[in-house]
Amino acid sequence: MFSPTDIGIDLGTANILVYTKNKGIVINEPSVVAVDIETKKVLAVGTEAKNMIGKTPSNIQAVRPLKNGVIADFDMTTEMLKLLMKKVSKKIGISVRKPRVVVCTPSGATAVERRAIHDAVKSCGAKQVILIEEPVAAAIGADLSVSEPVANVIVDIGGGTTEVAIISFGGIVTSQSIRIGGDKLDDDIIQYVRKHYNLLIGERTAEEVKKQIGNALADHEEQTMEIRGRNLVTGLPKTITLTSTEIHTAIKESLQDILNIVKETLEHCPPELSGDIVERGVVLTGGGSLLNGLQEWISQEIDVPVHMAPNPLESVAIGTGRSLHVMKKLMQLA
Ligand code: ADP
Ligand code: MG
């Protein structure tokens, strides 16, 4: 039923992944484009472009064309997809000039935003573009039994958004989405360091701090990390040492916002499905779920079991690709 050129794309705000049936994940790169702002020429995409963030001369800008899970800059997104699709062709050794593409859309996306995602993928030469709800893809990729009439709760913490959905029988029973994800935590850290140390640090430094010493639990074994930035008073480079307790303080409000939508979604659960949730619990996925202590903190706060997806950074891409097999049941045609 499927041609070998069927592919699944996870068009994330932080990372883009491409999955093919035979080769699995063939592309996994940051959603970043480096452009020359004078000539508008795209100089690099993906990892190469991310490495340029904050380090380039002023005529070269590294931009993230997807914000909050949707397309903020249409032309850049298309350009990035085109270049990444070329890489896919090279990697899988066959032409992907006319593939059928399944791509996921955040559940909070508007009709216009969905259309933009559809059109961007189509303009890269896809023969057919099929949109699937991202939480459904995430649940399939996290090995949940989505086609059975039991409640599966998926919490996907991405770069720009967090989406919480209760899925049963292949569809979304209820879902909530907020435009807060891992990027907001990075920003919280930047603001904290600026306020308390008069020091300006870049996005990449903030992300490293979060990954290394960030912790969702107030009570944890303290760690420290040395970072460099620019002193806002003297303008000179300066090194400081941050503690994981400080980082916890910096990010705790955003974490609380994430927790609140998990709680709200559970409150909207139809009573017949509540029993399943108490028994089966909640599954965390998305890169943001890898934050130290997050799984433990959420389970303390919601009183139902909390599990991690097997591959939090890959669930959506894997699920998008696998959904081709259960297309009829699960697809929401564009
Ligand atoms: P998207 O679907 O929006 O592309 P991803 O699911 O790829 O997002 O997750 C990206 C987010 O996960 C980023 O904010 C990144 O900083 C965060 N992240 C990745 N690894 C970790 C980690 N070990 N600890 C905390 N956050 C992480
Ligand atoms: Mg995602």
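Structure: see above.
In this text the structure is predicted, and so the values were computed from the model without any measurement.

**Q** I'd like a rundown of the overall build of the protein, residues and numbers included.
**A** Regarding its fold elements, the protein presents 11 helices and 18 strands. Relative to a compact globule of 334 residues, whose C-alpha radius of gyration would be 20 Å, the protein shows 20 Å and is just as compact. By principal-axis analysis of the C-alpha atoms, the protein measures approximately 65 × 55 × 30 Å. For the protein, with 334 residues in total, the buried portion stands at 54%. Positive and negative charge centroids in the protein, built from 36 and 40 side chains respectively, lie 11 Å apart.

**Q** Residues and numbers for the site of ligand 1, please.
**A** Near ligand 1 lie 18 residues; those nearest to it are Thr13, Ala14, Asn15, Glu207 and Lys210. Take glycine 287: an N or O atom from its main chain is 2.9 Å from an oxygen atom of ligand 1. For ligand 1, whose unbound accessible area comes to 580 Å², protein coverage reaches 89%. Among the secondary structure elements, those contributing two or more residues to the shell around ligand 1 are helix H5 (182–197) and helix H6 (203–213). Examining the composition of the shell around ligand 1, we find that 3 residues originate from one element, H6, more than from any other. For the shell around ligand 1, the class distribution of residues is 4 nonpolar, 10 polar and 4 charged.

**Q** Tell me about the pattern of salt bridges, and please be specific about residues and values.
**A** Inspection of every chain in the model, using the stated rule, returns 11 salt bridges. Of the charged contacts in the structure, one is a salt bridge between aspartate 183 and arginine 64, with a shortest N-O distance of 3.2 Å. Of this pair, aspartate 183 sits in helix H5 while arginine 64 sits in the loop between strand E6 (60–63) and strand E7 (66–67); the two residues are 119 residues apart in sequence, bridging distant segments of the chain. Overall, arginine 64 belongs to the partly exposed group, its relative accessible area being 23%. For arginine 179, the salt bridge is made with glutamate 113, and the minimal N-O distance between the two is 3.8 Å.

**Q** An account of the packing of H5 against H6 is needed here, citing residue identities and associated values.
**A** Running from N to C, H5 and H6 point in directions that differ by 105 degrees, and their axes come no closer than 8 Å. Comparing their axes, H6 and H5 come out roughly perpendicular. Residues Gly182, Leu185, Asp186, Ile189 and Ile190 of H5 form the contact with H6, whose participating residues are Glu203, Ala206, Glu207, Val209 and Lys210. Residues belonging to the contact of H5 with H6 are distributed by class as follows: 5 nonpolar, 1 polar and 4 charged.

**Q** Tell me what's going on with the sheet that holds strand E12 (residues 162–168), and back it up with residues and numbers.
**A** One open sheet accounts for 5 strands, arranged E13-E12-E11-E17-E18; its pairing is mixed. Each edge of the open sheet carries a strand with a single partner, namely strand E13 (171–178) and strand E18 (306–308). Across the sheet, the axes of successive neighbouring strands diverge by a mean angle of 20 degrees, strand direction being ignored. As paired elements, E12 and E13 share 7 bridges and run antiparallel to each other. In the sheet register, isoleucine 166 faces E13, and the bridge partner there is threonine 174.

**Q** Lay out the sheet that holds strand E9 (residues 100–105) with the relevant residues and their values.
**A** Spatially, E3-E2-E1-E9-E10 is the arrangement adopted by the 5 strands of the open sheet, whose pairing is mixed. With one partner strand each, in any of the chains shown, strand E3 (24–30) and strand E10 (128–133) form the two edges of the open sheet. Strand-to-strand, the axes of this sheet are offset by a mean angle of 20 degrees, without reference to chain direction. Two elements, E9 and E10, share 6 bridges in a ladder whose sense is parallel. Each bridged residue has a counterpart across the sheet, and for valine 102 the counterpart in E10 is isoleucine 130. Sitting on the sheet, helix H2 (residues 74–92) touches strand E1 (7–11), strand E2 (15–20) and E3, and the angle it makes with E3 is about 145 degrees. This element, helix H4 (residues 134–141), spans E9 and E10 of the sheet and lies at about 80 degrees to E10.

**Q** Give me the layout of surface pockets: which residues, what numbers.
**A** Taken as a whole, the second largest pocket encloses approximately 330 Å³ of empty space. Surrounding the second largest pocket, 14 residues form its lining, Ile53, Gly54, Lys55, Gly202 and Glu203 being those nearest its centre. Contributing elements (two or more residues each) for the lining of the second largest pocket: E6, H6 and strand E15 (224–231). With 3 residues, H6 is the largest single contributor of residues to the lining of the second largest pocket.

Scoring rules and cut-offs
- Residues numbered from 1 in each chain as written.
- Chains lettered and ligands numbered in written order.
- Predicted model: local features only at pLDDT ≥ 70, side-chain atom pairs only at ≥ 80, totals over all residues.
- Heavy atoms only, no water.
- Helix = DSSP H or I, 4+ residues; strand = E, 2+ residues; numbered from the N terminus.
- Rg over C-alpha atoms; globule rule 2.2 N^0.38 Å.
- Buried < 20%, exposed > 50% of the residue type's maximum accessible area, 1.4 Å probe, protein only.
- Lys, Arg positive; Asp, Glu negative; His and termini not counted.
- Charge placed at Lys NZ, Arg CZ, Asp CG, Glu CD.
- Near = heavy atom within 4 Å.
- Polar contact = N/O pair within 3.5 Å; in protein donor to acceptor, adjacent residues only side chain to side chain.
- Areas by Shrake-Rupley, 256 points an atom, 1.4 Å probe, with all protein chains shown as cover.
- Nonpolar A, V, L, I, M, F, W, Y, C, P; charged D, E, K, R; others polar.
- Salt bridge = Lys/Arg side-chain N within 4 Å of Asp/Glu carboxyl O.
- Axes fitted to C-alpha atoms, helices over the stretch in contact; angles between N-to-C directions.
- Parallel < 35°, antiparallel > 145°, perpendicular 65-115°, else oblique.
- Contact = heavy atoms within 4.5 Å.
- Pairing = 2+ DSSP bridges.
- 1 Å grid on protein atoms, 1.4 Å probe; cavity = no way out; pocket = protein on both sides within 12 Å on 5 of 7 lines; lining within 4 Å.
- Points joined across faces, edges and corners; volume = space filled by probe spheres on them.

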